[in-house]
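Analysis of the macromolecular model
Spelled out, the chains give:
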Amino acid sequence: MKTLAIETSCDDTSLGIVELKNGRFEPVKVLLHSQIDKHRKFGGVVPELASRLHEEKIMDLLEEIGLEEIKNVDFISYTCCPGLPGSLLVGATLANTLSKFLNKEKVPVHHIQGHIFSIFVERNIDEIKFPLIVLTVSGGHNELYLVLRSEETFEVGRDFWGQRRKKRSEEDKEARRGKLMWKLEDYLGRFGESYWLEKEDLVQEVGWFRLYKLWFTLDDAAWEAFDKVSKMLWWPYPWWKWIYDKSQWLIVNAKWLIEDFSFPRIWLKKDEFNFSFSGLKAQVNYKIQELEKKYWKITSKLQVKVAYEFQEAVVETLGKKLLKAAKFFEVENIAVVGGVSANLRLKEYIQQNMEKFWVKNFYTPVKSLYSTDNAAMIGVVGLLKKM
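Bear in mind that the values here come from a model prediction, so they are computed numbers and not experimental data.

1. What to know about the packing of aromatic side chains
- Under the counting rule described, the total for this entry stands at 14 aromatic pairs.
- For the pair tryptophan 215 and phenylalanine 328, a centre-to-centre distance of 6.1 Å together with 75° between the ring planes defines the contact as edge-to-face. With a gap of 113 residues between them, tryptophan 215 in strand β9 (residues 209-216) and phenylalanine 328 in helix α10 (residues 300-328) connect regions that are remote in the sequence. Accessibility assignment for this pair places tryptophan 215 and phenylalanine 328 in one class, buried.
- Plain terms: the ring middles of phenylalanine 328 and phenylalanine 329 are 5.0 Å apart, the flat faces sit at 90° to each other, and that makes the pair edge-to-face.

2. With respect to the environment of leucine 135
- Tracing the backbone through its elements, the reader meets leucine 135 in strand β6 (residues 132-138).
- Along the backbone, leucine 135 and isoleucine 334 are 199 residues apart, and their C-alpha atoms lie at a distance of 7.9 Å.
- Not counting chain neighbours up to four residues away, the residues in contact with leucine 135 comprise Asn142, Glu143, Leu144, Phe275, Leu318, Leu322, Ala335, Val336 and Val337.

3. Some points on unusual backbone geometry
- Cis peptide bonds are those with omega within 30 degrees of zero, and the linkage from cysteine 81 to proline 82 qualifies with -20°.
- With respect to the secondary-structure elements, proline 82 resides in the loop between β4 (75-81) and α4 (85-102).
- The residue after phenylalanine 130, namely proline 131, is reached through a cis peptide bond having omega 0°.
- By secondary structure assignment, the location of proline 131 is in the loop between α5 (111-116) and β6.
- Although it is not a glycine, asparagine 103 adopts a positive phi angle of roughly 55°.
- For asparagine 103, the position within the fold is in the loop between α4 and β5 (105-110).
- Positive phi, normally seen in glycine, also occurs at glutamate 122, with a value near 65°.

4. Overview of the pairing of strand β3 (residues 24-34)
- In terms of strand pairing, strand β2 (residues 12-21) meets β3 through 10 bridges, oriented antiparallel. Pairing of lysine 21 across the sheet is with arginine 24, part of β3.
- Between β2 and β3, which pair antiparallel in sequence order, lie two residues; one of them, asparagine 22, sits at a positive phi of approximately 55°.

Quick notes on the rules
- Residues numbered from 1 in each chain as written.
- Predicted model: local features only at pLDDT ≥ 70, side-chain atom pairs only at ≥ 80, totals over all residues.
- Heavy atoms only, no water.
- Phe/Tyr/Trp six-rings, centres within 6.5 Å; stacked < 30°, edge-to-face > 60°.
- Helix = DSSP H or I, 4+ residues; strand = E, 2+ residues; numbered from the N terminus.
- Buried < 20%, exposed > 50% of the residue type's maximum accessible area, 1.4 Å probe, protein only.
- Contact = heavy atoms within 4.5 Å.
- Pairing = 2+ DSSP bridges.

The structure is reproduced here in structure tokens:
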């Protein structure tokens, strides 16, 4: 089964063909055009410009894929939401046009669901173990999901108390599943009393899978905080990349430290793993002002120190909340998806602390391309919906 996938939610135009064969999601061809150079002069993504650039480039990518390849697909998958309205309209219009012209069914795909299932790209379904806690770190989105596979089974591993078991009986697996579902129902019941979302909005069905939206960002997402802090330090767009690159420089050149400080970790309520980075962003701003007064200006070495400490605060907050959420639900499998999943420091932190929280398996997209807004992940969700 094959699908033509279209992704135009923000500032990346991506088209591709994804095939499901023998239980493996294989991209036949994935094309991606970035608009970063066009938006750099404005210091960020301009929505109207983004939609016009999608219009200019999308037909070129379509021609590059080839008409014969497109005729051979079974249906068309496209991003329907969330995203920039004008950009989404370009992708939806192309999907509608091709659907009528080629007499192919079109399947709308939620962008965040695409990121969640990006871990399936170039993998077999059975390579991923469930139940799974997924952290999405993409653009303005920062959420924790519990992903269950229908007729869920629990693999042999560590139990809640960290003790190794040689074998689990079917009765034990059923007991653990029952405990998980009881905790989940209890949580969703309390959630409705605390936040403005309805319980129905927290549960999504995608093919064989059920997604429970557990926690999310209450203000700025991590990606937005990266961008805003980098802008405070006068680094050019795309800002988030500078934070990681400069932090790596400091690790190698620690002898240049002239000021020692750190930023607070924002934990919020116990056993509720929502995110908030606006306070951290404010703390960084105050520290920059303090350093400018003390040294007359913020030197390049001080900039790097701020970037490093800020990244450490974000990484620890993201990583520990993901791991604590897994422990809370007694789940042994976790994943990080979205743009920040390509951050090597975040991966390193999680890998270093997995054992403490009794986590057995940690997944990220197999390539950095699949961490971005790409057509391959949209195609995977489309295929899951049609299975």
